[in-house]
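Notes for the structure review
Read off the chains here:
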Amino acid sequence: MATTTAGKSILYVWQGKDRQGRPTQGETLGTSQALVKAQLRKQGILVTSVKRKPKPLFGGKKKIRPADLAIFTRQLATMMKAGVPLVQSFDIVAEGLENAGMRDLVLQIKNEVASGTGFAAAIGKHPRHFDELYCSLVAAGEQAGTLDAMLDRVATYKEKTEALKAKIKKAMTYPIAVLVVAVVVTGILLVKVVPQFADTFSGFGADLPAFTQLVVNLSELVQAWWLIILLGMAAMVFAFGQARRRSRKVAEATDRLLLKVPVVGQIVYQAIVARFARTLSTTFAAGVPLVDALESVAGAAGSIPYARAIHRIRDEVTTGQPLFVSIRGTDMFPTMLLQMVAIGEESGALDDMLDKVASHYEEAVDNMVDGLTALLEPIIMAVLGTLIGGLMIAMYLPIFMMGSVI
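Residues numbered from 1 in each chain as written. Predicted model: local features only at pLDDT ≥ 70, side-chain atom pairs only at ≥ 80, totals over all residues. Heavy atoms only, no water.

A closer look at the overall build of the protein chain
Secondary structure assignment for the protein chain yields 15 helices and three strands. Rg of the C-alpha trace for the protein chain: 29 Å, well past the compact-globule value of 22 Å for 406 residues, more than 25% over. Its C-alpha atoms give the protein chain principal-axis dimensions of roughly 95 × 65 × 35 Å. A total of 406 residues make up the protein chain; the buried ones form 39% of that total. (Helix = DSSP H or I, 4+ residues; strand = E, 2+ residues; numbered from the N terminus. Rg over C-alpha atoms; globule rule 2.2 N^0.38 Å. Buried < 20%, exposed > 50% of the residue type's maximum accessible area, 1.4 Å probe, protein only.)

Below, the structure is given as C-alpha cells:
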C-alpha cells in the first residue's frame with residue numbers, strides 16, 4: 001500500500017469484499033480516499049466504503065513506549081518464523097496492538113514496505129522510535145537473508161533491555177513514592193493539624209517548649225508560603241530536568257554522582273555492565289563489525305562516562321588492539337567481564353561469553369533490587385515514624401508538661 005509524498009498520510013477505515021466474496025475490513029494509511037481505493041483494488045479487494053478514521057472525543061493516541069516496540073518485534077518475528085510474508089505479518093500484528101499510535105506506525109511501515117522500500121529503510125524513517133542499533137540489526141538480517149532469525153534476536157534483546165529498565169525503575173520508584181507521601185502528610189499536618197493545637201496553646205499564658213515553638217513557627221511559615229514552596233519545588237525539578245537534557249556537563253555530572261550513591265550506585269553500575277554485554281553480544285552475533293558494534297553499544301550505554309569509555313575502546317580496537325586489552329585500559333569494567341571477553345576472543349565465541357556475562361549481571365541487578373527493597377522498608381518506616389511522631393510529640397509536649405506541673 002503505497003503512500004505518496006504529495007500530502008500527509010491519513011488513517012482510513014475501509015470495508016469491502018475479498019476475492020472469494022467474503023466481507024472484510026481494515027485500516028490503511030493514505031493521502032486520499034481515491035489512492036486508498038486504488039491500493040486495495042491492487043490487492044483484489046472490492047471496496048464498498050472508505051472513511052477517514054475519526055479521532056477519539058477524549059484524549060489522543062497513547063505515547064509509543066519501548067515496551068510497545070518490544071511486543072511488535074516479538075510478534076513480527078513469530079509471524080515470519082511461521083512463514084507468513086512480511087507485509088501480511090504487519091497486518092496481523094497491527095490488528096492485535098492495543099496502542100492506536102503503535103498500530104498507525106506499523107501500518108505506515110507496512111505501506112512503505114509494500115511500495116518497495118526495504119524494512120530497514122522503512123523503520124529508518126522513524127528515528128524517534130527505532131534507534132540506530134535496531135535499524136542496523138534489521139539491515140544486517142535483510143542483507144544476510146535471515147530477517148526472521150534477526151528479528152527474534154532483536155526481540156530478545158529488547159525484552160531483556162526493558163526488563164532491566166523495569167528493575168531499575170522498581171528500585172527508584174518505591175523510595176521516591178514514599179518520600180512524596182511523607183512530604184504530603186507532613187504538609188497536611190503543618191497546615192491543618194498544628195494550627196488547631198496552636199490556638200489551644202495561645203490560652204495557656206505560658207512559654208511553649210522550644211521544640212513545640214519550632215514546629216508552630218514552621219507551621220506558620222508553611223501556611224503563609226505553601227504555594228510559593230510548592231511552585232519552587234516544581235520549578236527546581238523542572239529546571240534540573242531541562243538542565244540535564246540540554247547540558248551534557250550536567251548530565252555527565254549527574255551520571256557520575258548516581259554511580260557513587262550507596263547501594264543504588266552499585267545497581268546502576270551492574271545494569272550498565274549488563275547492558276554493555278547484552279548489546280555487544282547481540283550486535284556481534286548479528287555479524288555487525290566490532291567497531292560498528294561498539295559504536296552502537298556506546299549509544300545504548302545509558303551513562304555518559306561509560307559512553308566515553310566505550311568510544312575509547314572503539315578507537316583502540318580500530319588501531320588493532322584486542323578488545324580485552326582495550327576494555328581493561330578503561331579500568332571501569334569488572335574482572336569477570338574482562339576474563340570472559342579474553343576467553344571469548346581466544347575461542348572465537350565472544351558473543352556466547354558476552355551473553356553469559358549479561359545474564360549474570362541482569363540476575364545480579366534483580367537480586368540487588370529485591371535486597372534494596374527489603375532494606376528500605378524498615379528504614380522508611382523508621383523515618384516516617386520519626387517525622388510524624390516528632391510532630392505529634394511536639395504538639396502534646398505542652399500538655400504533658402502542664403499535667404506534670406499540676
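Notes on the packing of aromatic side chains
Going through the model one piece at a time under the given rule, you end up with seven aromatic pairs. Relative to Phe119, the ring of Phe90 has its centre 5.5 Å away and its plane inclined at 70°; by these criteria the two rings are edge-to-face. Of this pair, Phe90 sits in helix α3 (residues 86-95) while Phe119 sits in helix α5 (residues 119-124); the two residues are 29 residues apart in sequence, bridging distant segments of the chain. For the pair Phe90 and Phe119, one class covers both residues: buried. (Phe/Tyr/Trp six-rings, centres within 6.5 Å; stacked < 30°, edge-to-face > 60°.)

Quick look at the pattern of salt bridges
Here the structure, examined in full by the defined rule, presents 13 salt bridges. In this structure, Arg65 engages Asp68 in a salt bridge whose closest nitrogen and oxygen atoms are separated by 3.4 Å. Of the charged contacts, one joins Lys81 and Asp152 as a salt bridge, the two residues approaching to 3.7 Å between their closest N and O atoms. One end of the pair, Lys81, is in helix α2 (residues 66-81); the other, Asp152, is in helix α7 (residues 147-201), with 71 residues separating them in the sequence. Take Lys81: its relative accessible area is 53%, and that puts it in the exposed class. (Salt bridge = Lys/Arg side-chain N within 4 Å of Asp/Glu carboxyl O.)

Structural notes on the packing of α7 against helix α8 (residues 210-246)
Contact geometry for α7 and α8: axes closest at 9 Å, N-to-C directions at 125°. One way to sum up the angle between α7 and α8 is to call them oblique. Like other packed secondary-structure pairs, α7 and α8 cross with a definite hand, here left-handed. Residue-level contacts link Leu190, Val191, Val194, Pro195, Ala198 and Phe201 of α7 to Thr212, Val215, Val216, Leu218, Ser219, Val222 and Gln223 of α8. A class-by-class count of the residues in the contact of α7 with α8 yields 10 nonpolar, three polar and no charged. (Axes fitted to C-alpha atoms, helices over the stretch in contact; angles between N-to-C directions. Parallel < 35°, antiparallel > 145°, perpendicular 65-115°, else oblique. Left-handed = near helix turned anticlockwise from the far one by under 90°. Contact = heavy atoms within 4.5 Å. Nonpolar A, V, L, I, M, F, W, Y, C, P; charged D, E, K, R; others polar.)

What about the nonpolar core?
Within the largest apolar cluster, 82 residues are counted, with the highest numbers of intra-cluster contacts made by Phe72, Phe119 and Leu323. Here the element with the most residues in this core is helix α15 (residues 350-405); it accounts for 12 residues. Residues within four places of Phe119 in sequence aside, it is in contact with Phe72, Leu76, Leu86, Phe90, Ile109, Val113, Val138, Glu142, Leu147 and Leu151. Membership of the second largest hydrophobic core comes to 11 residues, among which are Leu190, Phe197, Val215 and Met395. (Core = buried A, V, L, I, M, F, W, Y, C linked by side-chain atoms within 4.5 Å.)

Let's talk about the environment of Met368
By secondary structure assignment, the location of Met368 is in helix α15. Looking at Met368, the relative accessible area reads 24%, which means it is partly exposed. Note: C-alpha distance between Met368 and Glu316 (52 residues apart in sequence) is 33 Å.

Observations regarding α7
In this model α7 runs 77 Å from its N-terminal to its C-terminal C-alpha over 55 residues, within 8% of the 81 Å that 1.5 Å per residue would give. Taking the largest bend as the criterion, α7 deviates by roughly 40°, centred on Val194, and proline Pro195 comes between one and four positions later. (Expected span 1.5 Å × (residues − 1). Bend = angle between axes of the 7 residues up to and from the residue.)

What to know about α8
With 37 residues, α8 should cover 54 Å at 1.5 Å per step; its first-to-last C-alpha distance of 46 Å lies more than 12% under that length. The largest bend in α8 comes to about 75°, at Trp225. Thr212, Val215, Val216, Ser219, Val222 and Gln242 are the residues of α8 that are buried.

Some words on the side chain of Thr186
Along the polypeptide, Thr186 turns up in helix α7. Given a relative accessible area of 13%, Thr186 falls into the buried group.

Considerations on a nonpolar patch on the surface
A surface patch of nonpolar side chains, about 1,200 Å² in accessible area, is lined by Leu179, Val183, Leu218, Leu221, Trp225, Trp226, Leu227, Ile228, Ile229, Leu230, Leu231 and Met233. Elements with a contribution of two residues or more to the nonpolar patch: α7 and α8. A per-element tally of the nonpolar patch places α8 first, with 10 residues. Its location among the elements puts Trp225 in helix α8. (Patch = residues over 30% accessible without salt bridge, like charges linked within 9 Å, V, L, I, M, F, W, Y side chains within 5 Å. Areas by Shrake-Rupley, 256 points an atom, 1.4 Å probe, with all protein chains shown as cover.)

As for the packing of helix α12 (residues 304-318) against helix α13 (residues 323-330)
With their axes 9 Å apart at the nearest point, α12 and α13 run at an angle of 145° to one another. Pair α12 / α13 crosses with right-handed handedness. Across the interface between the two elements, Ala309, Arg312, Ile313, Glu316 and Val317 of α12 pack against Leu323, Ser326, Ile327 and Thr330 of α13. Each residue belonging to the contact of α12 with α13 can be placed in one class, and the counts come to five nonpolar, two polar and two charged.

With respect to the confidence of the model for the protein chain
For residues with low pLDDT, the predicted coordinates do not support detailed interpretation. Averaged over all residues, the pLDDT of the protein chain is 82; the fraction at 70 or higher stands at 94%. Taking the mean pLDDT of every element in the protein chain, the minimum, 76, falls on strand β2 (residues 23-30) and the maximum, 91, on α12. Taken together, the stretch residues 1-7 has pLDDT below 50 and engages in 19 contacts with residues farther than four places along the chain or on a different chain. (pLDDT = per-residue confidence, 0-100.)

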